[in-house]
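Commentary on secondary and tertiary structure
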Amino acid sequence: MSLDDADLTHLRRCVELSREALDDGDEPFGSVLVDAQGTVLHEDRNRTKEGDQTRHPEFELARWAATHTDPEDRAGCTVYTSGEHCAMCSAAHAWVGLGRIAYAVSTEQLVGWLREWGVDASPVLPLAVQQVAPGVVVDGPAPELEDEVRSLHARKHGIRDAGR
């Protein structure tokens, strides 16, 4: 399944949440949980600046879904996110039984940018969602949003010219 106009609307909200996170001193990531009928159930942004690196929005949405939705309903949900889930978030997503993931930029894209800018690698292997949770349906990236997401990450790392 490819990304449609409704997907892009939710992904644009994720980018807005990413900007909010960055403006608040956090890493620029944002996510939205949407049910099978298209209703936004919950949204969040990165909250890692205080030192708890597990405060990723995708992880928070998985925890929220586990508490606030029935298992049957979770399977019909889509998690929209500005950046493809990390290994921790992919595992949480699969463990609680959430459905599809749609992302604006891939792990591969982000890792490439960080390498290009000389930013140190993460302490966790940069795995694609399906390397961690092979049963999860994944769609992305959204080329329409790549430049905007790239510029947010460039700003986070003090890169003035994020051009290619």
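Residues numbered from 1 in each chain as written. Predicted model: local features only at pLDDT ≥ 70, side-chain atom pairs only at ≥ 80, totals over all residues. Heavy atoms only, no water.

1. Notes on the overall build of the chain
When you go through the chain residue by residue, the secondary structure sums to seven helices and five strands. Over its C-alpha atoms, taken along the principal directions, the chain stretches across nearly 45 × 35 × 30 Å. Sequence separation of at least 24 residues holds for 60% of the intrachain contacts in the chain that already meet a minimum separation of 6. When the accessible surface of the chain is summed, it comes to about 8400 Å², and 50% of that surface belongs to carbon and sulfur atoms. When the 16 basic and 29 acidic side-chain charges of the chain are each reduced to a single mean position, those positions are 5 Å apart. (Helix = DSSP H or I, 4+ residues; strand = E, 2+ residues; numbered from the N terminus. Contact = heavy atoms within 4.5 Å. Areas by Shrake-Rupley, 256 points an atom, 1.4 Å probe, with all protein chains shown as cover. Lys, Arg positive; Asp, Glu negative; His and termini not counted. Charge placed at Lys NZ, Arg CZ, Asp CG, Glu CD.)

2. What to know about the pattern of salt bridges
By the definition in use, this model includes 13 salt bridges. Residues arginine 155 and aspartate 23 are paired through a salt bridge, measuring 2.5 Å at the closest nitrogen-oxygen approach. With arginine 155 in helix α7 (residues 146-156) and aspartate 23 in helix α1 (residues 5-23), the pair connects residues that are 132 residues apart, well separated along the chain. A salt bridge links arginine 100 to aspartate 139; the shortest N-O distance between them is 2.6 Å. (Salt bridge = Lys/Arg side-chain N within 4 Å of Asp/Glu carboxyl O.)

3. A word on the packing of helix α2 (residues 57-68) against helix α4 (residues 87-96)
At a closest axis distance of 8 Å, the pairing of α2 and α4 adopts a crossing angle of 15 degrees. One element, α2, and the other, α4, form an angle in the roughly parallel class. Considering the relative orientation of α2 and α4, their crossing is left-handed. Where α2 abuts α4, its residues Glu58, Phe59, Ala62 and Ala66 lie against Met88, Cys89, Ala92, His93 and Val96. (Axes fitted to C-alpha atoms, helices over the stretch in contact; angles between N-to-C directions. Parallel < 35°, antiparallel > 145°, perpendicular 65-115°, else oblique. Left-handed = near helix turned anticlockwise from the far one by under 90°.)

4. Concerning unusual backbone geometry
In this chain, glycine 140 is followed by proline 141 through a cis amide linkage whose omega measures 0 degrees. Mapped onto the secondary structure, proline 141 falls in the loop between β5 (138-139) and α7.

5. What to know about the sheet that holds strand β2 (residues 40-45)
Each strand in a sheet pairs with another by means of backbone hydrogen bonds, the pair being arranged parallel or else antiparallel. Taken together, five strands build an open sheet; the order of strands is β2-β1-β3-β4-β5 and the sheet is mixed. One side of each edge strand has no neighbouring strand; the edge strands of this open sheet are β2 and β5. Where strand β1 (residues 30-34) and β2 come together, five bridges link them in antiparallel fashion. Across the sheet, the residue bridging to glycine 30 is arginine 45, located in β2. (Pairing = 2+ DSSP bridges.)

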